[in-house]
Amino acid sequence: MKLIHLSDLHIGKKVNEYSMINEQKYILNCILEGIRLEKPQAVLISGDVYDKTTPPLEAVMLLDSFLNSLAIDGLTVILISGNHDSAERLSFGAQRMKKSGLYIKSIFDGENEPVTLHDEYGPVNFYSVPFIRISDVNSVYGTEITDYTEAFALVVEKMQINPNERNVLLSHQYVAGASFSESESSIGGIDCISKDVYAPFDYTALGHIHRSQNIGSQRLRYCGTPLKYSASEIGTKKSYTVVTLGEKTGDSELCDIEIRTVPLVPKHDMISIEGSFDELLSAEKNDDGIVTEDFVYAVLTDEEYIDNPAGHLRTVYPNLLNVRYSRSSKTGYTSMETPEGDAENRSPLELFTEFYRKQHDEADPDPVQEEILKSIISEIWGEENETD
């Protein structure tokens with residue numbers, strides 16, 4: 001049985017306030033072309049479908065278009081929610097969608113009924129566990145667990161999987177040993193789960209980490225994001241994962257498995273450039289007067305501060321994301337100029353929200369946190385400083 005493993009689409013994401021929606025449309029079309037060529041029996045989408053719990057309309061429309069395009073004869077789509085998704089919003093219409101081969105598991109409720117597909121070697125059972133916290137497990141099962149591994153082990157135990165059949169799991173969690181990038185700096189620590197918990201499954205389609213990688217074995221795999229979403233991913237290659245499940249040869253043995261990746265080439269790459277302001281500004285241009293339309297992080301080596309370097313460089317690097325000075329520069333000044341605007345012209349709420357997002361994988365504060373923050377800002381600076 002052939003499967004396509006996707007995750008962390010983050011539809012609607014902005015990188016340094018630049019919308020990635022057009023890049024996402026392009027790469028999703030590339031994935032659709034690959035799916036039509038591969039002719040898999042199932043597509044697995046392991047969470048963080050959206051970038052925010054309240055996605056913009058254009059993001060909702062793009063996901064709707066993508067899922068409708070997956071309505072291919074004989075193709076099953078199984079999707080779980082991640083920590084960036086709103087479980088309630090993503091589950092809308094889920095029961096009706098099953099009739100068209102789309103199975104959405106976005107709310108953890110303790111129900112463990114798998115989606116079962118068949119091939120020439122027999123059944124394959126697909127279990128779906130959306131992003132969960134210890135509190136979710138305790139609430140559903142009435143336990144008082146304090147350890148993530150113990151909590152997830154209980155979830156797996158409750159599945160009562162049949163070891164004589166092939167079993168696949170969709171999971172959106174941080175597994176100990178995974179390597180993550182800058183955009184995932186808040187991941188890790190107490191929320192990590194031991195890879196041993198996943199041992200009973202012939203394959204686990206993981207989401208949550210943006211770098212594609214195996215954890216201990218190719219049977220436990222993060223497929224990564226389809227696009228680069230942070231400077232730390234410059235130079236990495238993006239792909240989707242193709243999984244082929246073979247025959248299960250023994251009662252307690254895992255089935256034969258083949259893993260390969262299909263490269264994804266973005267419409268615009270994400271690159272880093274370095275040099276003096278004059279060198280970068282005078283680089284060779286195309287007929288439109290543009291050096292490159294790739295997403296650019298620029299590092300200036302000038303010894304003296306340049307007035308508004310980002311504004312000037314953006315005339316020839318239209319998708320400039322960030323400008324900073326090299327550490328060797330005597331200016332001692334780091335420019336973080338982006339389209340966001342000058343910090344002096346932004347409210348305390350905007351500045352704190354930006355800081356919060358950088359510390360929480362670009363997620364916004366929830367409504368309760370925002371109200372608390374507004375109250376504190378009002379008490380310190382007055383109501384006029386809450387917003388613009």
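Everything that follows concerns the structure shown earlier in this document.
Residues numbered from 1 in each chain as written. Predicted model: local features only at pLDDT ≥ 70, side-chain atom pairs only at ≥ 80, totals over all residues. Heavy atoms only, no water.

The subject of this paragraph is the overall build of the chain. Of the regular secondary structure elements, the chain holds 10 helices and 19 strands. A total of 388 residues make up the chain; the buried ones form 51% of that total. Sequence-distant contacts in the chain: of pairs separated by 6 or more residues, those separated by 24 or more amount to 69%. For the chain, the exposed area adds up to about 18900 Å²; of that, 47% sits on carbon and sulfur atoms. (Helix = DSSP H or I, 4+ residues; strand = E, 2+ residues; numbered from the N terminus. Buried < 20%, exposed > 50% of the residue type's maximum accessible area, 1.4 Å probe, protein only. Contact = heavy atoms within 4.5 Å. Areas by Shrake-Rupley, 256 points an atom, 1.4 Å probe, with all protein chains shown as cover.)

This next bit is on the packing of helix α1 (residues 21–38) against helix α2 (residues 57–69). As a packed pair, α1 and α2 sit with axes 11 Å apart at the nearest point and diverge in direction by 10 degrees. When the axis of α1 is compared with that of α2, the two are roughly parallel. Residue-level contacts link I21, Q24, K25, L28, I31, L32 and R36 of α1 to E58, A59, L62, F66 and S69 of α2. (Axes fitted to C-alpha atoms, helices over the stretch in contact; angles between N-to-C directions. Parallel < 35°, antiparallel > 145°, perpendicular 65-115°, else oblique.)

If you trace the backbone, L373 turns up in helix α10 (residues 367–381). A sequence separation of 21 residues divides L373 from F352, and the C-alpha atoms of the two residues are 8.7 Å apart.

A word on a nonpolar patch on the surface. Together, I372, I376, I380 and W381 line one region of the surface with nonpolar side chains, adding up to about 420 Å² of accessible area. Structurally, W381 can be placed in helix α10. According to the relative accessible area criterion, W381 is partly exposed, its value standing at 46%. (Patch = residues over 30% accessible without salt bridge, like charges linked within 9 Å, V, L, I, M, F, W, Y side chains within 5 Å. Salt bridge = Lys/Arg side-chain N within 4 Å of Asp/Glu carboxyl O.)

Let us look at the packing of aromatic side chains. By the definition in use, this model includes 4 aromatic pairs. An angle of 65 degrees between the planes, with centres 6.4 Å apart, marks the rings of Y127 and F201 as edge-to-face. Taken together, the positions of Y127 in strand β8 (residues 122–129) and F201 in the loop between β11 (192–193) and β12 (203–207) put the pair 74 residues apart, joining distant regions of the chain. Like Y127, the residue F201 is buried in the burial classification. Between the NZ or CZ atom of K13 and the centre of the ring of Y229, over which it lies, the distance is 5.6 Å. Note that K158 overlies the ring of Y141, its terminal NZ or CZ placed 5.3 Å from the centroid. (Phe/Tyr/Trp six-rings, centres within 6.5 Å; stacked < 30°, edge-to-face > 60°. Lys NZ or Arg CZ within 6 Å of the ring centre and 35° of its normal.)

Attention now moves to the nonpolar core. Core analysis: the largest hydrophobic core is formed by 39 residues, its most contacted members being I11, I45 and F66. Sort the elements by how many residues they give to this core and α1 lands first, with 6 residues. Sequence-distant contacts of I11, defined by excluding residues within four places in its chain, comprise I21, Q24, L28, V49, Y50, D51, A59, L62 and L63. (Core = buried A, V, L, I, M, F, W, Y, C linked by side-chain atoms within 4.5 Å.)

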